[in-house]
Each structure stands twice: as C-alpha cells, then as structure tokens.
Amino acid sequence: MKAQATLLLIIALFIACSSVDDRNAMVVSENNDLAYRLRYTDISASLQAAKKAYSSSSENPDGKAEALNNMAYVAYQQMRYDQALHLLQHVYGFSRNQLELLCADVLTMKVMQRIGRGKSFFDARLRAQKRLSRILSEEDNLTERQKHRLHYALTELHIVASTYYYYLGQDSAAISEIQEAAQHVNLETDTTQWLYYHYMLGSGGLIDGTPEEVTITEFNHLFRVYTLAKANHFTYFEANALQSLSAIVADSVRANWVKQQRIDAYSYLFGEHLRWQSDSTLSLRHQFAAALSHHSIALFKQYHDLFQTACAMRTLGEVYFTAEHYDEALKSFRKALHLASDFRRSPYQVTPWLAGIHENLSLTYSALGDKLSADNHRNVYLDLLDESRQNKELDSRKALLKQEAKGERIQFFLLLSLVFLIVVLSILYYRQLKRRSLSFEKQVREIASSEDCKQAEHQLQKLLQDSEERLDESREESEVVQQRILNEQKRHVLQRTKLSVVYAIIPYLDRVIAEVKKLDEMGENVSERLSYIQELCSGMMTINDRLTSWIQMQQGKLSLQVSRFPLKDIFEVISMQQYAFAQQQLTLEVPETDLLVKADKALTLFMVNTLVDNARKFTPAGGNVTILADSIDDFVEISVCDTGVGLSQEDVQTLNDSKVYDPNRIGMKNASKGFGFGIMNCKGIINSYKKLSSLFNVCDFGVESQEGQGSRFWFRLPRVLPLLFFFVFNFFAHATPQRCYELFDSTYNANVQGRYVDAWLYADSAINMVEEPVDTVLLVSLYNEQAIAAQALAEWDAYRESNAECVRLHRFFSSDHSLASDCQQLEKMNDDSHVLYVLIVLSLIASLALFYRVVLRHRLRHRASLDDLYQRLTCVLRSFPENAETLVDELKNISHNLDQPQLRQPVLELRKKFASSLVMLQETNGFIEDIDEKTQKQRFELDRLYVMNQILDNSLSTIKHETMYFPSRIKQLTDDMQQNGIDTSTHQTLLDLVTYYRHIYMLLYEQAQRQTDQSLLRLQPLAVTDLLAYASTTYGVATQPTEAWVKGDEILLHLLLDQMFAVVPKDSALIVEEHDSMTYIICSVSGETLTSEQLSDLFSPQTERMEYLVMRQIVREHDAACGHPGLRLAAENTDAGYKISFSLPAIHKSMNS
Amino acid sequence: MDKFKVIIVEDDKLELKGTQQILQTEVPEAEIIGTATGETDFWKLMRDSQPDLVLLDLGLGGSTTVGVDICRQLRTRYADMKILVFTGEILNERLWVEVLSAGADGIILKTGNLLQRDDIVQVMHGRHLVFNEPFLEKVMARFRKVVCKEQASVDAFVEYEIDEYDERFLRHLALGYTKDMIAGLRQMPFSTKSLEKRQVDLTNRLFSERERSGVNAVRLVVRAIQLHIIDPENLVADEQ
C-alpha cells in the first residue's frame, strides 16, 4: 500500500511538474499576447503584462525573448531608445528563436528609423531579411501562434521600411514597401497591424493619383482607422489618425475636397470635435483642425507616448502656421521641440523629426520677422538634415563594405601569408631539390666507385678470367682437334698408300688374264706362259703379304673412338636435312629421344646418314622417311624406315648374309644403282665394333624390306643408362562652368545683403545652367539660397519647392558626396580586392607556373634526368654482365645524350674503365668464337677423315680377307697345268677364276677408292729452308741454307721427311738442287750403298719398307695436284753411298716476299 | 713392216718380261735394243743408240708420272721417234690427256687386251692416237655420256616445249641478268612484264604441280641445267 502511494505520489508530482511547466508556458504566452494587444491601447498595461511574461519565462527562452521584445517596444514608444536597444541586445544575446530575433530586428529598425540611424536601420533590415528567408523556408513547420507572430513581424518590417523611405522622401520605395505589407495584413487575424497599415496609407505620400484623389483616399483610410481604433480603444491609432486628419483639415484645398466628397465623415468628425474647439480667433476650419490636434495630443498624453505627443503638438503648430497665427504656432513648435528634446532619456535623438521641427521654427521665426532666429533654426535644420541624410543605406553599406574590407584585409593578409608560405615552401623545396640533385650528381660523379660499379668490375674481371680460361681451353681443344686432323690426314695418306698397293695388283692381274687367254692359243710358249703366270702370282702374293703385314702391323693402333653420347645429338644433325627432303616432297621424321648409347659418334652419324641418304634416294616423292630409336633390352635399335621402292627378298638376303657382294646389283633394276656401298660400309662398322670388345656383342645390322612397300634398315648399339595585373583607376575630371560659381556668389551676396528677389533670380538662372549630376554640391547650395530668399520673401510655395529640391538633392548627394564615392570606392575596393585576390591567386599560380617553368621544371628535369642518369648507369652496371656486349655503347649513348655536360666526364671515365677490358673481353670472346668455329669446322673435317679412314680400314681388311686366297689358287691351277697339261675345262676354270678374282678385286678396290679424298692436299708456297729446318730440328739432319721455294703441302711434306728419316740414317745430309723448274731435295747417305735389287724394288709394292711407298704416294699426289709435271722420287747409289731425292715444283719467290 | 729398234722402259721386272714376251712372240720385226727400269738408265741408253720406237711406262720407281716428262723431252729432241705409252693408271684420265699433250703417239692401258701387234704396227705406220681396246672402251664411255647429254638436251627442248626465247631467257637468268636487263636484249622482243609471265609459264612446264610452290628464278635455272636445257659449260651472253 505504501509503495503504491509512493508511486502515485511520484506520478502526481510528475504531472504536477509538467503541468507547472505547461502552465508557466501558458502564462508567458498569455501575458505576451496581452502585452501585444495592449501595445496600442494602454502602454503601461502592456509593459506590465510583458514584465509578467518575462518574470515567468525563466525556463522558456522563446517566451522570454517575446517578452523582452514587448518590453523593448514599450521602451520605444516611451522614447527610451537606449533601453529599448538594450533589451533587444538582450534578446540577441540569448535567443536562438529566429522568429523572435526577426521581431527584434524589426523593432531595431523602428528604433533606428526614429533616431535617424540609417546605417543601423539597414543593418537590422539586412539581418531581418536574411532571417526572414530562413524562416519562410520552414514556414510549414510553424505553429499557428508562431505564424501569427511571423505575420506581425512581416507587416511591421514593411511598414517600418515604408515609413523610413517616406521620411526620406523616397515615395516610390515607400509605396512598394507598403504594398508588400498589404499582402500580410489581415483585419481578422491582427487588427493592430491592419490599423497600422491603413494609418500608414492615410498619413500621406503612399498613394498614387491626382492630389484630390489622394486626399480623399487618405482621408478615407484615416477615417476608417479613426473609427475602428476608437471603437476598439486603440488609443495610439485613434490619436495618430486624428493628427493626420488635422493636417488635412488645416490645408484649405484638401479640406474643401474632403468637405465636398466626404461631407458625412467630415461633419461627423466636426461634430465630434466641437468640444475640442477652444481658440475662437481662428477660422472655423482652423478651429476644427486645431481641435483634432488637441484631441490627438490629449489621447497621446493619455497613452503616454511622448514622441507622438510632440508630433501632435507640431501638427497643432502647423495648423496655427497655416492659420497665420505665428505666435501660437511658435508656441506649439517650441512646446513640441521641448517635449522631444526634454525627454531625451536616451543618448539618442529623433533627428529627422527634430530637423522638421527646426524648419518649422525657422519658417515661423521668418514669418515673425526674426531673421536671425530663422536663420539659426534653418542652420540647425540643415545640420540635422545632414545627419539624417538619406545616404543611410549607403552609410550602412559603407560600413558593411568597410567591415567586409576589414575582413578582406584579413583574408588578404592570410592570402599574402599563404603566398609567402608557398614561396618559402617553394624555395625550401627548390633547395631540397637542389640538394637532392647535388646528391644525385655526386652519386653520378662517384658512380665509378659505387658498389654496383665494383660489382660490375668484379664481374668483368671474372668474365675476363673466364674468357681467357675459355680461350685457353678453346685453343687447347683446337690444337687437339688439329693434331687429330693431322693424324687422320697422315693416316689417310697411309690408307691411300695402302690402296695404291692394292691397286698395284691390278696390272699383274690383267697380265695374268691376258696370259691365261693366250693359253688357249695352242702352240708354243705354254710352259713359258704358265711360268710367267706363276711369277705374276708370286708377285701378287708378295704384294698381298706386304699389305697384310702392314695392315696387321697397324691393327693394334686401330681403335674406334668409343664414347657415350645421347642419340639426340645425332638426330639433330640429321634433322638438318629436312629441307633437302622437302625439296623432294619427302617427309623426314626424326624422333625426340633421350636415349644414350655407347659407340663411335662419328661412325654412328655416318651410319644414320648413309641409311637416311639411301632412303631418300629410293623413296619417291610424297613418301616419308622415319627414324626410330627403340630401347630393347640392353641395346638401342636405330631404324631408318622408308616408304620407298623396297628390295627383293633376294637382295635382302644378300645384304644380310653376304660379306662381299656387288653393290651395283643390289636394288631395283637400274633405278637404284649404288645402293649397296653404304650398306656394306655400315656392316663393316658394326663388325669392327664386334671385333673391338665383348661389350659390343649386341651390335648388329639388318635389313627388312617388302618390294614396293618400303624398307627398314636397322642397327643396334649398346645402351647406357642415363639429366613532371593590373588595377584600373578611373580619374574623374569635373569641368563645371565658371559662370555658375559666379552666379552662386551673386545669389549668396544678394541673400546676405537682403536682396532676396535678386537672390532668387540669380539662383534660378544658375540652377538652369547647372546640370544635376555634374555639380550637385553647387546645385544644393543654389536651391538652399533660393529657399532662403523665398523664405525671406515669405513666398511659402516657392520656398517649399526650392527647399524640397534642396533637401532632395542634399539628401542624395550634397553633404555626403564622398559617401557614394566612398561606397563606390569601397565597393570597387572590394571588387578590386576580389579582383586583387583573383589576380594574386592568378599571379601566384602564374608565378608558380613560371617558377615551375623557369626554375623548378628545369630543376625537376635536372633532378629527374640526374636520377634517370643514375638509374640508367646503375641499371647498366647492374645488368652486367648480361649486357657485356652493349655496355660500352650504352654508356656512350648515355654520355652523348647527357643533359649535364659536366657529368660527361665521370660517365666517360666509367666507360673508359670498362671499355678497354670489354674490348679485351670482346676480342677474347671473338677469338674464342673464331677458334670454336674453326674447331667446329675442323671437327667436321676430322669426323669426315676419321670416318673415311675407318671405312678404308674396313675395306682394306675386306680386300685382304676376301682376295688373299686367289693368287695361290691361280698358282695352284697353273701348277696343275704345268704338270698335267692344259685342257679346255681347266683352262676355262683358270680363266673364270682369274676373271672373278679381277672382278671382285676391282669391286672392293673401287669401294675403298670412294673413301679416299686427294683434294685434301693443300698446295701452298713453301720455303725449302723451313722444310729443311723441320728435318734438322726433328732429326738432327745436316742442312744447307737455301732460298728456294716450292709448291707443296706442308703436312704431307713433313710426313714425307718423317718417312724418309725413318728409313735413312740420321747422319744423312739434305741438299737442295734446282733444275728444269724443279727443286730437288736430296738426301745423301754416305757409308752404305743399296743393292741393284733394292734400288729397283725400293719404291715398288714389293719393297721391304712401306715408308718408301708412303713417300711415293706423297710425291705422286703432289704430281697429280700440280698437273703432272712428272715429279721425281728416286734413289741411286753415289760414290760415297746412296742418295734419295725427290723433286717439287719450284716457284720463284724471293725470301723477302 | 720393216724391222725397227725398240727400247722398253719399264720399272716392273715382271711386266717388262711380259712386254718383252709379247714383242718377241707377236712382233718379230721389233728389235729390242735395250730396256730401262729408270729414267737415268733410259737416257744412258738413248745416248748410245736411238730407237725407232720407245715403249714407255709412265711410272718409274718412285717417280709415278715421270713418263710424261720423258715423253715431252723425247718429242722435243726426236720429232720422228714413235712413242707408245704404257700405263696402269686405268682411272687417271687426266694423266692420259697430259701424255697425249706431251707428244705420245698412243696409249696402251695395262688391262684387258694388253699390247697387240696391231697397236705396234699402226704406230710404226705413223698413225697417231693409237689406243688399245680398254682405252677406247673408256673413251667411248665418256663419249657416250656427252652424246647422251646432248640428246637429253634435245629431248628436253621437245618435251618441255622450249623455244629459243625460253632458252635465251633461262641462259641469261643463269648469267645473273635481271628481267629488265633481259628485256633490253636485242633478240628479246619482250617487256619485263611478259618475261615475268614467261617465267611463271616456264615454272609450270618444268615443275610438276606438287613441286611448283616456292620456285624462284634460281630454282628454275637449276632445273633447266638439270634437264640439260641450258649447258652450264656454255653460258655465254648474247650480244647486246
């Protein structure tokens, strides 16, 4: 229960609190509404209500602001302008309520208009307008009360502005403002503003039309205001309406129009104010006007509005003035002036109004004849006019502009600072750039000692070293190859020699055949012939024996160059023939393989090549030749398959089984002649493998073929297992006619001297001469003098006209001529400063651009180029040694395209540093390349020679094996014949045998002959001395100096000498003789002689020493190469022993050449 | 035939024996006044007596072609002396030519039918160019080859319908003339353009359809040579 009670209490308190808040808000708004409503009825009550609202609004800033506005309004009505402004300042101080701030602005405008502070008026107006637009944009969100308040503010704003312009004489602006106000005035929603509006229209100057129409309309408005205000107790408007009506009634013309048209209202008013008529000295109409004024004064007094009371007093004075009761008028004016100035409860004066009252006084005194007082008041009037001149707007604008200018000065200063900062930063940046450039420059200068450079140098040195090593290797390799070629060449000469020995049998054989044939011719000499045949057979046998022993002697040296190698190497060479195949519309398919075999590489290439060549020859266009490499067990079977003509079974059998056969008989008819030689050689090679070692037992060769379908030739080899302003100043020149000033002086003097009529005339003529905009000051002065003259002459209409013009012009320009131009200038300054900003910014941009273009860009480019240079150099150095070949050119390009000539030196030095070494490296590499290329060629040559020699070995071996038996068989047969006589069959048997022998022998010889190459002989001019020197250094042979030159092959001649000194004693002497265009090199041996037997057989196949045959072969080849001049090689006994001489073609060449 | 004196120059004793036997048995008119196995021996003999006929072996000892020199010297010294050269160099055709230039009256190859009586008789009767059968066989083989080649040329002209302009065009192409140059020849009334057409036409004639792709002027000329249409040994430009 207790808890429930507590809860209820809390809720109750909460509700109470909120209801207190709500109630307070209500009190505030109610009091504010009351204060507003009582504003034009009872000013004191309004103040009280406002104060009450204020005191209750501690928690309600909006209400408080409204209350303060209301209080300020009261202060305004009571002429306590400072207090009003103070209160308003208070509103500005705390409130954020735009609506109340707008009301405050409007009230400020009212105050400023009253005290003639145009500038502040405009300040406030500007503020208000700004605020208004903000509020209007959110009008929809306003509550009804707020909307009401907005309408008040809007109407008040336009009415105040209209009032302001009205007092300034800017009727059109005033009219436009009041028309604006009309849009917001609504009798039903806000009576006070409606009254205010209609009062404004009635008070004059805001209506267009004929004077009569205007008067009637104004009267109507005023009357309406009067009646409504009276009915609703709006004392303020009632009094104001009466005051204005009084002014209309005072004017006889206007009063008559009203009387004529609104007699009802006029009568009503007249009747109503009979009791206010006090001065009977006046005419009835003037009495009526004064009564209205008196009533107004009474009402204002009741309403406690001092200013309006003074205004009403002035109106009364004007009534008296029009009634020409100048004393009464003066009394009233003085009373009014007294009221307005006595009640200066604030430092502010109602300047515009005071100006008016002083004019009234001036005129009154003038009328009374007190010229001095009149002039005094006129002066005060003019001074006050000056104060409240109409240039307030300009004033305000000037201040604003000044403020703007001040702000802009700050901005300008900031801008300058920014410029300065940018300049400083630019300089700093420039310096840094320079520093960096310098550091880059330094880097470039020191590139030669940079790490990259050292690295590159190191690399270069290493490369050089490697290169030299490689050069040495290449040289060594080349030498090895050369040596091997030399060996193979020598070996080839030996082979050819052997072959010549083989050939030596042929003549014997032919003689045998001839003899055998002759045996048929029965008759004598049979026995002789038979014995001759036997002799020939013995000769052949001797030759065979010599050859056999020689071949056997060298067999030990005979070895195949067995190595392990990838078959790929062979196939790559073979696949180079693809073009040749394509020419014949054949396809050559070479497999990819990584198989390794153990064999003689050159011979293997020869074999594959031979088989592929054969296949190409015997395969018709469109076919294809395929090479295969199959790994089977421990061997690799290399096959060459073709889609060619194929072989007959018979041929296949022959090729597979026979050791010796006629290659010309193999293959299809005449189309495929010569098929078998290659095959025979291949078989021979395979056989020599087999003979070499048991490792090669797997070696084999075979042919498979189907006639018309193609063939497959295969052989097997052992497999191995395998890795970037200006300002325009306008000077205005004024040229006012001198005559005007003279007239002005005359006018002034006339006025001073009291010649008012003259003054008036002078002024009038001068005015006509002056053109308004040209010299406004002069014009104002002329109008003023004219007004003074008119005033003195009491020509009130003329006075009013002149004065009005004077005031108008004065207001616009005279007293503050400078203001407009100040404003213009300020505005211009502002514009100019805007222009200036733009120009500063533009010039800043331009100078930055210029800075960039002239300095920075150059610097940046400089730096970039340095950076680029450095990078390029580094890049060049880093990419070493990949760019070894182009490095010097790259550095040369860099130095040629250098933007900084001062850096050329270090680049050149760097280049120099590398150039010589690189040239060396390139030279060395060039050497290596040359040597390697040469070696490559030599290798090819070597392989060719090697293969030839190898095949010749095989051939010779075959010849030896296959033919050895024949001579003895022939001999045997002839023996039989010798014993048993000759019969046809034995004779035929012998003939067949001999013929077959010759056939097979020639076949084998030709087979071998194909493998010889005499073009190997390279004839060149040789100094005989060099040959002798060779012999002397190699064998210590005594020689004689000679100037003879011969044509010959050095290698072979060295070999010849080698052979010679292999058979002759080393103490022999070499003599050179020359006759019959031949140079004889004679080796004279002393101490021993040769037998005639030896002499005759020395160079024959039957010779004991094969060296003689080699010598003979070399001389013979030289003879053939020289076109058979009949070179000699002979041996003969001398007195002291014997001599062996050989001749060479002599050439007449001096030693010097 | 009258009797005559012969000197046999032969280094191989067995062969000398054979030759002597042939002379003795078949040419009884021959009187062998001496034999020599070497050059020195021969000139010694020549000093003593001059033969009517010298049977000269080309190779003597180590000097395998000394016979050529001897023959030359003999012919210089003895214009009327008959010289018959023996040689076993049955494959060395060049040597034969050298021998004949040196002044030999004939060549007897040491193969097949060796020396015959007829050979001696003919030489002694003043006939030149006396060759034995094996030699003539070889010469005939060579002759046949040349004739066959010429025939092949005629056949090719017929088969490939080659006219004189084709031949001239191909020949000058082979000589390295450009088509513009060829068109400028007096006997070539063709423009460069039509020569180009001719080339295409020739390519079509000389190559089968399969072979034609990629055939240029060089291939065309080579083909013409292979077909004996133009003779590489007689490549002479026409007068301009």
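Residues numbered from 1 in each chain as written. Chains lettered and ligands numbered in written order. Predicted model: local features only at pLDDT ≥ 70, side-chain atom pairs only at ≥ 80, totals over all residues.

**Thoughts on the overall build of chain B**
Part 1 of the reasoning: If you tally the helices and strands in chain B, you get 10 helices and 6 strands.
Part 2 of the reasoning: Expressed as a percentage of its 240 residues, the buried residues of chain B come to 38%.
Part 3 of the reasoning: Pairs at least 24 apart in sequence give 56% of the contacts found in chain B among residues at least 6 apart. (Helix = DSSP H or I, 4+ residues; strand = E, 2+ residues; numbered from the N terminus. Buried ≥ 20, exposed ≤ 12 C-beta atoms within 10 Å, placed from the backbone. Contact = placed C-beta atoms within 7 Å.)

**Digging into the overall build of chain A**
Part 1 of the reasoning: If you tally the helices and strands in chain A, you get 39 helices and 14 strands.
Part 2 of the reasoning: Relative to its 1153 residues, chain A shows a buried fraction of 44%.

**As for the interface of chain B and chain A**
Part 1 of the reasoning: In this complex, chain B contributes 30 residues to the contact, which on the side of chain A involves 30 residues.
Part 2 of the reasoning: At the level of elements, α1 (13-26), α3 (66-77) and α4 (93-102) of chain B are the ones that each hand at least two residues to the side of chain B that touches chain A.
Part 3 of the reasoning: When residues of the side of chain B that touches chain A are assigned to their parent elements, the largest contribution, 7 residues, is made by α1 of chain B.
Part 4 of the reasoning: Along the lines of polarity and charge, the residues of the side of chain B that touches chain A split into 5 nonpolar, 15 polar and 10 charged. (Nonpolar A, V, L, I, M, F, W, Y, C, P; charged D, E, K, R; others polar.)

**Observations regarding unusual backbone geometry**
All names here are of chain A.
Part 1 of the reasoning: One non-glycine residue, Asp1076, adopts positive backbone phi at about 55 degrees.
Part 2 of the reasoning: By secondary structure assignment, the location of Asp1076 is in the loop between β11 (1069-1075) and β12 (1078-1086).
Part 3 of the reasoning: Asp1076 sits in the partly exposed class, given 13 other C-beta atoms within 10 Å.
Part 4 of the reasoning: One non-glycine residue, Ser1077, lies in the positive phi region at around 50 degrees.

**Looking at the nonpolar core**
Part 1 of the reasoning: Counting 165 residues, the largest nonpolar core has Val502 and Val512 of chain A together with Cys71, Val85 and Val99 of chain B as its most contacted members.
Part 2 of the reasoning: In terms of residues, this core owes the most to one element, helix α20 (residues 451-519) of chain A, which gives 16 residues.
Part 3 of the reasoning: Setting aside its immediate chain neighbours within four residues, Cys71 of chain B contacts Leu56, Ile83, Val85, Val99, Ala102, Gly103 and Ala104 of chain B.
Part 4 of the reasoning: In this structure, Tyr40, Ala290, Phe300 and Ala310 of chain A belong to the second largest nonpolar core, which totals 152 residues. (Core = buried A, V, L, I, M, F, W, Y, C linked by C-beta atoms within 7 Å.)

**Brief notes about the confidence of the model for chain B**
Part 1 of the reasoning: Mean pLDDT over chain B: 89, with 100% of residues reaching 70 or higher.
Part 2 of the reasoning: With a pTM of 0.56, the predicted complex shows an ipTM of 0.84. (pLDDT = per-residue confidence, 0-100.)

**Comments concerning α4 of chain B**
Residues and elements named next belong to chain B.
Part 1 of the reasoning: For α4, the full list of buried residues reads Leu95, Trp96, Glu98, Val99 and Ala102. Buried residues of α4, viewed axially, fall in a sector of 160 degrees; they line one side. Exposed and facing more than 90 degrees away from the buried side of α4 are Glu93, Arg94 and Val97.
Part 2 of the reasoning: On its buried face, α4 sits against α3, β4 (82-87) and β5 (106-109).
Part 3 of the reasoning: One or two steps after α4, the chain reaches Gly103, where phi turns positive at roughly 110 degrees. (Arc of directions from axis to C-beta.)

**Overview of the packing of α20 of chain A against helix α35 (residues 984-1009) of chain A**
Residue and element names in this part refer to chain A.
Part 1 of the reasoning: Running from amino to carboxyl end, α20 crosses α35 at an angle of 160 degrees, the nearest separation of the two axes being 10 Å. Our classification of the angle between α20 and α35 gives roughly antiparallel. Of the two possible hands of crossing, α20 and α35 adopt the one that is left-handed. Where α20 abuts α35, its residues Leu499, Val502, Tyr503, Ile505, Leu509, Val512, Ile513, Val516, Lys517 and Leu519 lie against His987, Leu990, Leu991, Val994, Thr995, Tyr997, Arg998, Tyr1001, Tyr1005, Ala1008 and Gln1009.
Part 2 of the reasoning: For the contact of α20 with α35, the residue count by class is 16 nonpolar, 3 polar and 2 charged. (Axes fitted to C-alpha atoms, helices over the stretch in contact; angles between N-to-C directions. Parallel < 35°, antiparallel > 145°, perpendicular 65-115°, else oblique. Left-handed = near helix turned anticlockwise from the far one by under 90°.)

**Side note on the environment of Glu1104 of chain A**
Part 1 of the reasoning: Mapped onto the elements of the fold, Glu1104 of chain A is located in the loop between α38 (1092-1097) and α39 (1106-1121).
Part 2 of the reasoning: Taking C-alpha positions, Glu1104 of chain A is 8.6 Å from Gln1094 of chain A, a pair spaced 10 residues apart along the chain.

**Quick word on the packing of helix α7 (residues 144-168) of chain A against helix α9 (residues 191-202) of chain A**
All names here are of chain A.
Part 1 of the reasoning: The interhelical angle for the contact between α7 and α9, taken along N-to-C directions, is 20 degrees, at an axis separation of 10 Å. Put simply, α7 runs roughly parallel to α9. Taken as a pair, α7 and α9 cross one another with a handedness that is left-handed. Packed against α7, whose contacting residues are Tyr152, Thr155, Ile159, Ser162 and Thr163, the element α9 presents Gln193, Tyr196, Tyr197 and Met200 at the interface.
Part 2 of the reasoning: Classifying every residue of the contact of α7 with α9 gives 5 nonpolar, 4 polar and no charged.

**Here we look at helix α6 (residues 118-136) of chain A**
Part 1 of the reasoning: In this model α6 of chain A runs 26 Å from its N-terminal to its C-terminal C-alpha over 19 residues, within 8% of the 27 Å that 1.5 Å per residue would give.
Part 2 of the reasoning: Restricting attention to buried positions, one finds in α6 of chain A the residues Gly118, Ser120, Phe121, Phe122, Asp123, Ala124, Arg125, Ala128 and Ile135 of chain A. (Expected span 1.5 Å × (residues − 1).)

**Re the confidence of the model for chain A**
Residue and element names in this part refer to chain A.
Part 1 of the reasoning: Averaged over every residue, the pLDDT of chain A is 80; residues scoring 70 or more account for 88%.
Part 2 of the reasoning: Long-range and interchain partners of residues 669-673, a stretch whose pLDDT sits below 50, account for 5 contacts in this model, where long-range means more than four residues apart.
Part 3 of the reasoning: Throughout residues 723-736 the model reports pLDDT below 50, and contacts reaching past four residues in sequence, or to other chains, amount to 17 contacts.

**Here we look at the sheet that holds strand β1 (residues 4-9) of chain B**
Residue and element names in this part refer to chain B.
Part 1 of the reasoning: What the 6 strands build is an open sheet, ordered β2-β1-β3-β4-β5-β6; its pairing is parallel. The two strands at the open ends of the sheet, each matched to only one other strand, are β2 (30-36) and β6 (130-131).
Part 2 of the reasoning: Note: β1 against β2, 6 bridges, orientation parallel. The residue bridging Val9 from the neighbouring strand is Ala36, located in β2.
Part 3 of the reasoning: Sheet strands in contact with helix α2 (residues 39-48) are β1 and β2, and its direction is about 135 degrees off that of β2. (Pairing = 2+ DSSP bridges.)

**Structural notes on the environment of Ser57 of chain A**
Residues and elements named next belong to chain A.
Part 1 of the reasoning: Here Ser57 shows up in the loop between α2 (43-56) and α3 (61-77).
Part 2 of the reasoning: Residue Ser57 is classed as buried on the basis of its 23 C-beta neighbours within 10 Å.
Part 3 of the reasoning: In this structure, the C-alpha to C-alpha distance between Ser57 and Val28, residues 29 residues apart in sequence, is 6.2 Å.
Part 4 of the reasoning: The residues contacting Ser57, other than those within four sequence positions of it, are Val28, Gly63, Lys64 and Ala67.

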